[in-house]
Amino acid sequence: MPEQLVKRVVIAGGGTAGWVVAAALVRHLGPLLDVVLVESEEIGTVGVGESTIPTARTFHAFLGIDEREFVRETGSSFKLGISFEGWARIGDRYIHSFGQVGKGTWMGDFQHFWLHAREQGYAGDLGDYCFELQAALGEKFATGENAQINYAYHLDAGRYARFLRGFSEKLGVRRIEGKITTAEQHAESGHIDAIVLESGARVEGDLFIDCTGFRGLLIEQTLKAGHEDWSNWLPTDSALPIQTAAVGPALPYTRAMAHTAGWQWRIPLQHRVGNGLVWCSAFMSDDEAQQTLHASIEGEILVQPRPIRFKAGMRRKVWDKNCVAFGLSSGFVEPLESTSIHLFMIGVTRLIQLFPFAGLNQPLIDRYNELARGELERIRDFIVLHYKLTERDDSSFWRHCRDMPIPDSLAERIEMFRENAHAWQTPDDLFRIDSWVQVMLGQRLEPKAWHQMGQLLGDAQLRGALADLKGNIRRAVDGMPAHQDFLDRYMA
Ligand SMILES: Cc1cc2nc3c(=O)[nH]c(=O)nc-3n(C[C@H](O)[C@H](O)[C@H](O)COP(=O)(O)OP(=O)(O)OC[C@H]3O[C@@H](n4cnc5c(N)ncnc54)[C@H](O)[C@@H]3O)c2cc1C
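Keep in mind that this is a model prediction, so the values were computed, not measured. (Residues numbered from 1 in each chain as written. Predicted model: local features only at pLDDT ≥ 70, side-chain atom pairs only at ≥ 80, totals over all residues. Heavy atoms only, no water.)

Caption draft 1: Summary view of the pairing of strand β16 (residues 273–279). By the criterion of burial, β16 is predominantly enclosed, with seven of the seven residues buried. Of the two faces of β16, both are covered, the one formed by Val 273, Asn 275, Leu 277 and Trp 279 as well as the one formed by Gly 274, Gly 276 and Val 278. Note that strand β13 (residues 238–244) and β16 share seven bridges and pair antiparallel. Across the sheet, residue Ile 242 finds its bridge partner in β16, namely Asn 275. One ladder, built from seven bridges, connects strand β15 (residues 262–268) with β16; its direction is antiparallel. Residue Pro 268 lies in a different strand from β16, and its bridge partner there is Val 273. Linking two consecutive strands that pair antiparallel, namely β15 and β16, is a turn of four residues. (Buried < 20%, exposed > 50% of the residue type's maximum accessible area, 1.4 Å probe, protein only. Helix = DSSP H or I, 4+ residues; strand = E, 2+ residues; numbered from the N terminus. Pairing = 2+ DSSP bridges.)

Caption draft 2: Local environment of the environment of Arg 215. Mapped onto the elements of the fold, Arg 215 is located in the loop between β11 (207–210) and β12 (227–229). A relative accessible area of 43% means that Arg 215 is categorised as partly exposed. In this structure Arg 215 touches Ile 43, Glu 220 and Gln 221, once residues within four positions along its chain are discounted. (Contact = heavy atoms within 4.5 Å.)

Caption draft 3: Just the packing of aromatic side chains, in detail. With the rule as written, the count across this model stands at 30 aromatic pairs. Between the aromatic rings of Phe 70 and Tyr 160, the centroid separation amounts to 5.7 Å while the plane-to-plane angle is 75°, which identifies the pairing as edge-to-face. Remark: Tyr 160 occurs in helix α6 (residues 157–170) and Phe 70 occurs in helix α3 (residues 67–74); sequence separation between them is 90 residues. Each member of the pair, Phe 70 together with Tyr 160, is buried. Summarising the aromatic geometry, the rings of Trp 87 and Trp 263 are spaced 6.5 Å apart at their centres and angled 50° between planes, so their arrangement reads as tilted. Here the residue Trp 87 occupies a position in the loop between β4 (81–85) and β5 (93–97), and Trp 263 occupies one in strand β15, the gap between them amounting to 176 residues. (Phe/Tyr/Trp six-rings, centres within 6.5 Å; stacked < 30°, edge-to-face > 60°.)

Caption draft 4: Region of interest: the site of the ligand. Near the ligand you find 33 residues, and of these Gly 14, Ser 51, Ile 180, Leu 328 and Ile 341 are the closest. At 3.3 Å, a backbone N or O of Gly 15 approaches an oxygen atom of the ligand. Ser 51 places a main-chain nitrogen or oxygen 2.7 Å from a nitrogen atom of the ligand. In isolation the ligand offers 1000 Å² of accessible surface; the protein chains occlude 97% of this area. (Near = heavy atom within 4 Å. Polar contact = N/O pair within 3.5 Å; in protein donor to acceptor, adjacent residues only side chain to side chain. Areas by Shrake-Rupley, 256 points an atom, 1.4 Å probe, with all protein chains shown as cover.)

Caption draft 5: A look at the nonpolar core. Counting 141 residues, the largest nonpolar core has Ile 209, Phe 326 and Tyr 387 as the members making the most contacts within it. Sequence-distant contacts of Ile 209, that is, excluding residues within four places in its chain, are made with Val 9, Val 10, Ile 11, Ala 12, Val 21, Leu 218, Val 324, Phe 326 and Leu 351. Residues Val 10, Leu 218, Ala 225 and Cys 323 belong to the second largest nonpolar core, which totals 18 residues. (Core = buried A, V, L, I, M, F, W, Y, C linked by side-chain atoms within 4.5 Å.)

So this is what it looks like as C-alpha cells:
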C-alpha cells in the first residue's frame, strides 16, 4: 500500500464553511485523517448566510443528518424558491422556484410549447405549470413519503455552525480556541508548515483549509494566491443585515426586493426573520442605506445591524500549494441566489473525491481549481443576468446595470434565448434550464421566435395538456397544509 503522506488536516476558521468542511471530512474520511479546527470567538463569524438551495438536502443526506433534528436545532423553515420583486420594472414580481416548469419533450423544452400557446391566447402564466411555484404563492408546504416536492431551507447561520460543530466533535474533530497570528512556511516549497496562535501554540499540518472568511488569512495573506475582481459585472459591495421578530406566518420562500441601488432580502425562520440590504456604495451612501432598510423592515429589531463590505470575485487559485480555501476566503458573488453555502458543500465533496493521500500533485490541484472556477463563473453569469435584464430607468444604479458590459458567456445565453427561446445547461451547471427560463422570462426577456413543436402537436391537444397540468397542480396545492401549520406540526 502506498504511504499516506497527507494525514493531518488543519481547518482555520469555524464559520459555516469551516464546520461544513470539518463535518464532511470527518464523516467520510475520519479513520484516515486527524482533523483539527481552529477558531476565534473574539473574531466571530460573518453572521449571515441563511438561505440555501436544494443541494443542502443532498449534502445532509450525504452526512447522514436527520432532517427533523436539523430543522429543530437550527430554527429552520422550508424554502421553495425566491420571489424577485421590482427587478425588471417597479411593481413586477416573479418567483424563481426550485420546481420543474411544465413538461418538455426530446425535441425541446416546455417554454417552446408555452410561447406558442401564449401567442394563440390560451396559455396561463408560466408559473401555473410549476407545482413548487404554486405552493410558494399559496404559502403551502408538505414533505414526507407521499410528497414529491423540491425544496431547501432558511436557517439560522449561528445555530447551524453550532449544530455542525456538535456533529463534527462527536465524530472526532478536535477544536482549538485561539487567534491565529501567523503561518510558518517551508523555506523552499513555500508550503504552510504550521499556523501560530496568539498564545504561542503551533498547530502543524499536512493540508491546511482556509475558512477564515473575507480576510483569507492563509490563501491570500500568506500565500498571495491573488483575487480576480468581478465588480465591473456585479457592482454591489455593501450589506447591512438586521434581525427582526416575526410578525406573521413564515413564508416558504426568500424575498429579494429591488430598491434604487441594489436589493433587500427577507428570510423567515421559525423564531425570527433575517433581513438585509445589499447596495452599491457608488450609488448610495451608508446613511441612505440605513434609512432605506429601516423604512422597510417589519417587527421589533433583535440585533442591531453592522455593515459588511465585499468585492465580487474569486481567488485566482482556490487551492494553492498545501492550502485549499472554502467559503468567503475562496471568493464571493453576492447572495442573490443563495449559492455560497452550496459552493463549499460541493467543494468539500470534490476534495474528498480528489483527496491527495499520496502527496500533493500539481495536475490534481489544477483540475480542482479548474472545476471550482467553471462552477463559480456560471453562477456569476446567472446572477449578473438579473441585473443586466432590468428595464428600470428610475435610478443611475439601474441604468448602470442595464448598460454595463457582461461576460461573453452570458451574452451568448441571452442572445440565444432572445432569438430562439433556447436555454441550455451543461452537466455540471448548478442552475438548470428551468431556472434560466424562469429568470429570463421573469426579467421580461421576450423571445422573438421559438421551436414550432407546439404547432406540430396541434392547438387542441396542447390546450388540453396545459389545462390538465394546471388543474392537477391546483388540486395538489389545494390539498396541502399552510407552510406555518406544517412547520408547527413537524416540530411538535
Ligand atoms: C450579506 C451576505 C449575505 C449572505 N447570504 C447568503 C445566503 O443567503 N446564502 C448563502 O448560501 N450564503 C450567503 N452568504 C455567504 C455566507 O454568509 C458565507 O458563505 C458563509 O457564512 C460562510 O462564511 P465563512 O465560514 O467563509 O466565513 P466567516 O463566517 O467569516 O467565518 C470565518 C471564521 O474564521 C475565523 N477566523 C478568522 N480569522 C481568524 C484568526 N485570525 N484566528 C482564528 N480564527 C479566525 C472566525 O472566527 C470565523 O470562525 C452571504 C454573505 C453575505 C456577505
